[in-house]
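What follows is each chain in one-letter form.
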Amino acid sequence: MVTEEFARQIRRDVVEMAHRSGISHIGSALSAADIIAVLYNEVMRICPDDPMNSLRDRFILSKGHASMALYAALAGKGYFPREELYRQGENGGMLSGHVAHGVPGTELSTGSLGMGLSVGAGMATAIKRDGGRQRVFVVLGDGECAEGAVWEAALFSGHNCLSNLTAVVDHNKLQANDECENVISWKNMAELWRSCGWHVLEVNGHSIPALREALSFRHGVKPVCVVAHTVKGKGVSFMEGQKVWHHLSPQGEDYANAVAELEAGNI
Ligand SMILES: [Mg+2]
(Lines give C-alpha, C1' and ligand atoms only; values in the text may rest on other atoms or scores of the structure.)
Protein backbone atom coordinates (compact mmCIF):
# COMPACT_ATOMS: atom_id res chain seq x y z
CA MET A 1 0.00 0.00 0.00
CA VAL A 2 1.40 3.41 -0.89
CA THR A 3 1.91 5.70 2.06
CA GLU A 4 -0.71 8.23 0.99
CA GLU A 5 -3.27 5.42 1.08
CA PHE A 6 -1.93 4.11 4.39
CA ALA A 7 -2.32 7.58 5.92
CA ARG A 8 -5.87 7.79 4.62
CA GLN A 9 -6.64 4.38 6.12
CA ILE A 10 -5.26 5.54 9.46
CA ARG A 11 -7.49 8.62 9.37
CA ARG A 12 -10.53 6.57 8.43
CA ASP A 13 -9.83 4.19 11.34
CA VAL A 14 -9.29 7.10 13.72
CA VAL A 15 -12.69 8.58 12.85
CA GLU A 16 -14.34 5.18 13.27
CA MET A 17 -12.63 4.54 16.60
CA ALA A 18 -13.55 7.95 18.01
CA HIS A 19 -17.14 7.53 16.80
CA ARG A 20 -17.62 4.10 18.32
CA SER A 21 -15.76 4.60 21.60
CA GLY A 22 -16.69 8.17 22.41
CA ILE A 23 -13.03 8.58 23.29
CA SER A 24 -11.58 11.55 21.51
CA HIS A 25 -8.30 13.39 20.99
CA ILE A 26 -9.28 12.95 17.37
CA GLY A 27 -7.71 16.26 16.35
CA SER A 28 -4.34 15.17 17.78
CA ALA A 29 -4.48 11.78 16.08
CA LEU A 30 -5.32 13.29 12.69
CA SER A 31 -2.50 15.80 13.14
CA ALA A 32 0.10 13.04 13.57
CA ALA A 33 -1.34 10.59 11.02
CA ASP A 34 1.05 11.38 8.16
CA ILE A 35 4.12 11.29 10.41
CA ILE A 36 3.15 7.89 11.76
CA ALA A 37 2.18 6.59 8.31
CA VAL A 38 5.58 7.44 6.81
CA LEU A 39 7.46 5.95 9.76
CA TYR A 40 5.56 2.65 9.75
CA ASN A 41 5.16 2.28 6.00
CA GLU A 42 8.58 3.41 4.80
CA VAL A 43 11.20 4.39 7.33
CA MET A 44 11.24 2.14 10.36
CA ARG A 45 12.46 -1.40 10.51
CA ILE A 46 9.43 -3.15 12.00
CA CYS A 47 8.73 -6.76 12.93
CA PRO A 48 4.95 -7.24 13.23
CA ASP A 49 5.31 -11.03 13.60
CA ASP A 50 7.96 -10.64 16.30
CA PRO A 51 7.24 -7.24 17.86
CA MET A 52 10.10 -7.31 20.38
CA ASN A 53 12.77 -8.47 17.91
CA SER A 54 15.96 -6.79 19.12
CA LEU A 55 16.76 -5.50 15.62
CA ARG A 56 13.56 -3.42 15.44
CA ASP A 57 13.62 0.36 15.37
CA ARG A 58 11.92 1.84 18.42
CA PHE A 59 8.93 4.16 18.33
CA ILE A 60 7.52 6.18 21.21
CA LEU A 61 4.39 8.27 20.84
CA SER A 62 5.16 10.66 23.65
CA LYS A 63 1.93 12.56 23.00
CA GLY A 64 0.14 9.41 24.09
CA HIS A 65 -3.33 10.91 23.82
CA ALA A 66 -3.00 10.59 20.02
CA SER A 67 -3.04 6.82 20.54
CA MET A 68 -5.69 6.16 17.90
CA ALA A 69 -3.29 7.04 15.09
CA LEU A 70 -0.65 4.66 16.43
CA TYR A 71 -3.13 1.87 17.06
CA ALA A 72 -4.53 2.23 13.54
CA ALA A 73 -1.00 2.00 12.09
CA LEU A 74 -0.17 -1.06 14.19
CA ALA A 75 -3.36 -2.85 13.17
CA GLY A 76 -2.75 -1.85 9.56
CA LYS A 77 0.67 -3.50 9.74
CA GLY A 78 -0.69 -6.67 11.31
CA TYR A 79 0.50 -6.36 14.91
CA PHE A 80 -3.01 -7.27 16.06
CA PRO A 81 -6.43 -7.84 14.46
CA ARG A 82 -8.18 -4.76 13.10
CA GLU A 83 -11.34 -5.68 15.02
CA GLU A 84 -9.54 -4.64 18.21
CA LEU A 85 -9.56 -1.04 16.98
CA TYR A 86 -13.31 -0.89 17.25
CA ARG A 87 -13.31 -2.19 20.83
CA GLN A 88 -11.15 0.65 22.13
CA GLY A 89 -12.25 1.64 25.62
CA GLU A 90 -14.49 -1.39 26.11
CA ASN A 91 -14.25 -3.54 29.19
CA GLY A 92 -12.06 -6.47 28.23
CA GLY A 93 -10.73 -4.66 25.17
CA MET A 94 -7.02 -4.36 24.56
CA LEU A 95 -6.87 -0.66 23.70
CA SER A 96 -7.23 2.18 26.17
CA GLY A 97 -7.47 5.90 25.53
CA HIS A 98 -3.74 6.51 25.88
CA VAL A 99 -0.89 4.34 24.62
CA ALA A 100 -0.34 1.28 26.80
CA HIS A 101 2.76 -0.89 26.62
CA GLY A 102 0.82 -4.17 26.73
CA VAL A 103 -0.35 -3.61 23.16
CA PRO A 104 1.79 -5.52 20.64
CA GLY A 105 4.19 -3.12 18.93
CA THR A 106 4.24 -0.46 21.63
CA GLU A 107 7.38 0.28 23.63
CA LEU A 108 6.10 2.50 26.40
CA SER A 109 2.91 3.61 28.09
CA THR A 110 2.51 7.33 27.46
CA GLY A 111 0.03 10.07 28.12
CA SER A 112 1.72 11.64 31.07
CA LEU A 113 3.35 14.27 28.91
CA GLY A 114 7.06 15.03 28.73
CA MET A 115 8.28 11.53 29.50
CA GLY A 116 8.86 9.94 26.10
CA LEU A 117 12.02 11.70 25.00
CA SER A 118 13.89 10.75 28.17
CA VAL A 119 13.05 7.09 27.64
CA GLY A 120 13.94 7.35 23.95
CA ALA A 121 17.29 8.89 24.87
CA GLY A 122 17.91 5.99 27.23
CA MET A 123 17.07 3.47 24.50
CA ALA A 124 19.31 5.29 22.02
CA THR A 125 22.15 5.32 24.55
CA ALA A 126 21.85 1.57 25.16
CA ILE A 127 21.75 0.78 21.44
CA LYS A 128 24.76 2.98 20.79
CA ARG A 129 26.76 1.32 23.57
CA ASP A 130 25.88 -2.09 22.15
CA GLY A 131 27.09 -1.01 18.70
CA GLY A 132 23.62 -1.45 17.20
CA ARG A 133 22.22 0.27 14.10
CA GLN A 134 18.63 0.52 15.30
CA ARG A 135 17.04 3.94 15.32
CA VAL A 136 14.76 5.46 17.95
CA PHE A 137 11.90 7.77 17.01
CA VAL A 138 9.93 9.90 19.48
CA VAL A 139 6.90 11.97 18.47
CA LEU A 140 6.09 14.89 20.75
CA GLY A 141 3.34 17.49 20.75
CA ASP A 142 4.20 21.17 20.65
CA GLY A 143 2.17 21.78 23.80
CA GLU A 144 4.06 18.90 25.35
CA CYS A 145 7.33 20.72 24.70
CA ALA A 146 6.45 23.05 27.57
CA GLU A 147 7.31 20.18 29.92
CA GLY A 148 10.74 20.80 31.45
CA ALA A 149 11.82 17.18 31.19
CA VAL A 150 11.75 17.47 27.38
CA TRP A 151 14.64 19.94 27.50
CA GLU A 152 16.64 17.92 29.98
CA ALA A 153 16.42 14.99 27.54
CA ALA A 154 17.16 17.27 24.58
CA LEU A 155 20.34 18.60 26.22
CA PHE A 156 21.42 15.10 27.26
CA SER A 157 20.90 13.75 23.72
CA GLY A 158 22.79 16.57 22.07
CA HIS A 159 25.65 16.36 24.53
CA ASN A 160 25.95 12.59 24.05
CA CYS A 161 25.73 12.75 20.25
CA LEU A 162 22.79 10.34 20.04
CA SER A 163 22.76 10.23 16.25
CA ASN A 164 20.43 7.22 16.33
CA LEU A 165 17.67 9.33 17.92
CA THR A 166 15.07 11.34 15.99
CA ALA A 167 12.51 13.54 17.70
CA VAL A 168 9.51 14.69 15.70
CA VAL A 169 7.58 17.70 16.98
CA ASP A 170 3.98 17.63 15.78
CA HIS A 171 3.85 21.42 15.63
CA ASN A 172 0.16 22.17 15.11
CA LYS A 173 0.20 25.38 17.19
CA LEU A 174 -2.66 24.18 19.41
CA GLN A 175 -2.59 22.47 22.79
CA ALA A 176 -5.73 21.01 24.33
CA ASN A 177 -8.23 23.88 24.28
CA ASP A 178 -6.04 26.82 23.41
CA GLU A 179 -3.38 28.11 21.08
CA CYS A 180 0.22 27.49 22.12
CA GLU A 181 0.77 31.19 21.57
CA ASN A 182 -1.57 31.92 24.50
CA VAL A 183 -0.06 29.31 26.85
CA ILE A 184 3.68 29.03 26.17
CA SER A 185 4.69 30.94 23.09
CA TRP A 186 7.22 29.19 20.81
CA LYS A 187 9.37 31.98 19.45
CA ASN A 188 11.38 29.60 17.32
CA MET A 189 10.93 25.91 17.93
CA ALA A 190 13.72 24.92 15.51
CA GLU A 191 16.27 27.22 17.11
CA LEU A 192 15.55 25.81 20.57
CA TRP A 193 16.41 22.29 19.44
CA ARG A 194 19.42 23.53 17.49
CA SER A 195 20.78 25.23 20.61
CA CYS A 196 20.58 21.87 22.42
CA GLY A 197 22.94 20.33 19.85
CA TRP A 198 20.41 18.80 17.46
CA HIS A 199 20.37 18.82 13.67
CA VAL A 200 17.00 20.34 12.84
CA LEU A 201 14.85 19.89 9.75
CA GLU A 202 11.61 21.82 9.26
CA VAL A 203 8.98 20.27 7.02
CA ASN A 204 5.34 20.33 6.06
CA GLY A 205 4.08 17.58 8.36
CA HIS A 206 1.43 16.53 5.87
CA SER A 207 3.73 16.18 2.86
CA ILE A 208 4.59 12.51 2.44
CA PRO A 209 7.68 13.22 0.27
CA ALA A 210 8.99 15.85 2.72
CA LEU A 211 8.44 13.56 5.69
CA ARG A 212 10.06 10.64 3.85
CA GLU A 213 13.21 12.64 3.21
CA ALA A 214 13.43 14.13 6.72
CA LEU A 215 12.65 10.96 8.65
CA SER A 216 15.04 8.88 6.56
CA PHE A 217 17.89 11.30 7.23
CA ARG A 218 20.45 10.26 9.81
CA HIS A 219 23.13 12.74 10.83
CA GLY A 220 26.64 11.43 11.37
CA VAL A 221 26.99 12.92 14.84
CA LYS A 222 23.92 14.75 16.09
CA PRO A 223 20.42 13.63 17.03
CA VAL A 224 17.85 14.86 14.52
CA CYS A 225 14.76 16.91 15.32
CA VAL A 226 12.09 17.12 12.65
CA VAL A 227 9.86 20.11 13.30
CA ALA A 228 6.75 19.04 11.41
CA HIS A 229 4.36 21.91 10.75
CA THR A 230 0.93 20.36 11.00
CA VAL A 231 -2.77 21.16 11.26
CA LYS A 232 -4.75 19.73 14.12
CA GLY A 233 -7.66 17.69 12.74
CA LYS A 234 -6.01 17.44 9.29
CA GLY A 235 -8.09 15.61 6.72
CA VAL A 236 -11.58 16.50 7.98
CA SER A 237 -12.27 20.06 6.88
CA PHE A 238 -14.55 21.09 9.74
CA MET A 239 -12.12 19.76 12.35
CA GLU A 240 -9.00 21.43 10.98
CA GLY A 241 -7.58 23.97 13.39
CA GLN A 242 -10.69 23.81 15.59
CA LYS A 243 -9.97 23.59 19.32
CA VAL A 244 -13.25 21.88 20.10
CA TRP A 245 -12.14 18.71 18.27
CA HIS A 246 -9.48 18.06 20.87
CA HIS A 247 -12.17 16.50 23.05
CA LEU A 248 -15.20 15.77 20.87
CA SER A 249 -15.94 12.48 19.16
CA PRO A 250 -17.89 12.67 15.89
CA GLN A 251 -21.50 11.54 15.99
CA GLY A 252 -24.52 11.92 13.71
CA GLU A 253 -23.98 14.28 10.80
CA ASP A 254 -20.44 15.09 11.88
CA TYR A 255 -19.52 11.42 11.68
CA ALA A 256 -21.20 10.95 8.30
CA ASN A 257 -19.54 14.05 6.88
CA ALA A 258 -16.10 13.07 8.18
CA VAL A 259 -16.38 9.60 6.63
CA ALA A 260 -17.61 11.05 3.33
CA GLU A 261 -14.68 13.48 3.15
CA LEU A 262 -12.08 10.83 3.86
CA GLU A 263 -13.62 8.35 1.46
CA ALA A 264 -13.72 11.02 -1.26
CA GLY A 265 -9.93 11.07 -0.87
CA ASN A 266 -9.47 14.78 -1.38
CA ILE A 267 -6.49 15.20 0.93
MG1 LIG B 1 -0.26 20.71 19.57
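Residues numbered from 1 in each chain as written. Predicted model: local features only at pLDDT ≥ 70, side-chain atom pairs only at ≥ 80, totals over all residues.

Q: How do you make sense of the sheet that holds strand E7 (residues 224–229) when you look at a structure like this?
A: Hydrogen bonds between backbone atoms are what pair the strands of a sheet, whose relative direction is either parallel or antiparallel. Strand order in the open sheet formed by five strands is E1-E2-E3-E7-E6, and the pairing between neighbours is parallel. The sheet is open, and its two borders are formed by strand E1 (58–61) and strand E6 (199–204), each paired with just one other strand. For this sheet, the mean inter-axis angle between neighbouring strands, taken without regard to orientation, is 20°. Where strand E3 (residues 165–171) lies against E7, six bridges are found, and the strand directions are parallel. Across the sheet, residue Ala167 finds its bridge partner in E7, namely Cys225. (Pairing = 2+ DSSP bridges. Helix = DSSP H or I, 4+ residues; strand = E, 2+ residues; numbered from the N terminus. Axes fitted to C-alpha atoms, helices over the stretch in contact; angles between N-to-C directions.)

Q: Explanation requested: the pairing of strand E2 (residues 136–141) in the structure shown.
A: On a regular strand, each side chain points to the face opposite its neighbour's, so the side chains alternate between the two faces of the sheet. Among the six residues that make up E2, six are buried, leaving the element largely enclosed by the rest of the structure. Alternating residues of E2 divide into Val136, Val138 and Leu140 and Phe137, Val139 and Gly141, and every residue in both groups is buried. Relative to E2, E1 runs parallel, the two sharing four bridges. In the strand pairing of E2, Ile60 is matched with Val138. By the bridge criterion, six bridges tie E2 to E3 in an arrangement that is parallel. Following the sheet pairing, Val139 is matched in E3 by Val168. Between the parallel elements E2 and E3, the chain passes through helix H5 (residues 148–159) in a crossover that is right-handed. (Buried ≥ 20, exposed ≤ 12 C-beta atoms within 10 Å, placed from the backbone. Right-handed = clockwise from strand over helix to strand, strands pointing away.)

Q: Whenever I open this one, unusual backbone geometry confuses me. Can you help?
A: In terms of backbone geometry, most residues other than glycine have negative phi values and most peptide bonds are trans. With phi around 50°, Cys161 is a residue other than glycine that occupies positive phi space. Looking at the element boundaries, Cys161 is found in the loop between H5 and E3. Residue Cys161 is classed as partly exposed on the basis of its C-beta count, with 15 C-beta atoms lying within 10 Å. At Ala176, a position not held by glycine, the phi torsion is positive, near 45°.

Q: Please explain the packing of helix H2 (residues 26–43) against helix H8 (residues 208–216) as it appears in this structure.
A: In a pair of packed helices, the angle between the axes and the distance between the axes together describe the arrangement. Across the interface, H2 lies against H8 with an axial gap of 10 Å and an inter-helix angle of 60°. Judged on the interaxial angle alone, H8 and H2 are oblique. Between H2 and H8 lies a crossing of right-handed hand. Residue-level contacts link Asp34, Ile35, Val38, Leu39, Glu42 and Val43 of H2 to Ile208, Leu211, Arg212, Leu215 and Ser216 of H8. Tallied by class, residues from the contact of H2 with H8 come to seven nonpolar, one polar and three charged. (Parallel < 35°, antiparallel > 145°, perpendicular 65-115°, else oblique. Left-handed = near helix turned anticlockwise from the far one by under 90°. Contact = placed C-beta atoms within 7 Å. Nonpolar A, V, L, I, M, F, W, Y, C, P; charged D, E, K, R; others polar.)

Q: Even after reading the chapter, I still don't get the environment of Trp245, so can you show me in this structure?
A: Note that Trp245 resides in the loop between E7 and helix H9 (252–264). Assessed through the 25 C-beta atoms surrounding it within 10 Å, Trp245 is described here as buried. Not counting chain neighbours up to four residues away, the residues in contact with Trp245 comprise Ile26, Gly27, Gly233 and Met239.

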